[in-house]
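Each chain is listed here by its residues.
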Amino acid sequence: RLPPDLQVYNAAMAVCRDALQWEPTLRLLEDMRAAGLEPDSTSYEIAASACERCGQADRARELLGDAATPAVQRRGADDGDVAFLR
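Residues numbered from 1 in each chain as written. Predicted model: local features only at pLDDT ≥ 70, side-chain atom pairs only at ≥ 80, totals over all residues. Heavy atoms only, no water.

Chemist: Even after reading the chapter, I still don't get the overall build of the chain, so can you show me in this structure?
Modeler: Within the chain, the regular secondary structure consists of four helices and zero strands. The order of α-helices and β-strands along the chain, N terminus first, is α-α-α-α. Going through the 86 residues of the chain one by one, you find that 36% of them count as buried. Looking at the chain as shown, the accessible area adds up to about 5200 Å², and 50% of this sits on carbon and sulfur atoms. (Helix = DSSP H or I, 4+ residues; strand = E, 2+ residues; numbered from the N terminus. Buried < 20%, exposed > 50% of the residue type's maximum accessible area, 1.4 Å probe, protein only. Areas by Shrake-Rupley, 256 points an atom, 1.4 Å probe, with all protein chains shown as cover.)

Shown next, in the form of structure tokens:
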């Protein structure tokens with residue numbers, strides 16, 4: 001059995017986001033870190049979008065602030081879901 005990678009976590013987070021489940025989305029973000037994986041900008045954007053869609057705009061802004069740090073690498077992220085905060 002292979003451990004989940006970044007793409008698997010991002011896909012699971014996107015499913016939670018689409019189901020309007022912001023808390024499980026954030027838990028997956030934390031699980032990713034606990035597994036030794038560094039979330040990328042896509043991870044943060046999915047999490048921020050989930051929060052925004054569920055009325056958690058302050059949390060969304062906080063996550064996007066985290067995503068703006070130099071440690072987060074841009075890996076072909078689509079900015080469409082987070083344009084509401086710019």
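Chemist: Please explain unusual backbone geometry as it appears in this structure.
Modeler: Trans peptide bonds make up most of the peptide bonds, and negative phi angles are found at most residues other than glycine. With a phi close to 60°, Leu-20 is a non-glycine residue in the positive phi region. When you line up the elements, Leu-20 lands in the loop between α1 (6-18) and α2 (22-34). Assessed through its relative accessible area of 49%, Leu-20 is described here as partly exposed.

Chemist: Explain the state of the cysteines to me, please; I cannot follow it from the model alone.
Modeler: By definition, a disulfide is the covalent link that joins the sulfur atoms of two cysteine residues. Here the structure, examined in full by the defined rule, presents zero disulfides. Here Cys-54 is not cross-linked by a disulfide; its sulfur's nearest cysteine counterpart is in Cys-51, at 7.5 Å. The exposure class of Cys-54 is partly exposed, given its relative accessible area of 23%. (Disulfide = S-S within 2.5 Å.)

Chemist: I would appreciate a short explanation of the packing of helix α3 (residues 41-53) against helix α4 (residues 57-67) in the present structure.
Modeler: Each pair of packed helices can be described by the angle between their axes along with the distance between the axes. Close contact between α3 and α4 brings their axes to 7 Å; oriented N to C, the two are set at 170°. With respect to each other, α3 and α4 are oriented roughly antiparallel. Of the residues in α4, those touching α3 at Tyr-44, Glu-45, Ala-47, Ala-48, Cys-51 and Glu-52 are Ala-57, Arg-59, Ala-60, Leu-63, Leu-64, Asp-66 and Ala-67. The class makeup of the residues in the contact of α3 with α4 is nine nonpolar, no polar and four charged. (Axes fitted to C-alpha atoms, helices over the stretch in contact; angles between N-to-C directions. Parallel < 35°, antiparallel > 145°, perpendicular 65-115°, else oblique. Contact = heavy atoms within 4.5 Å. Nonpolar A, V, L, I, M, F, W, Y, C, P; charged D, E, K, R; others polar.)

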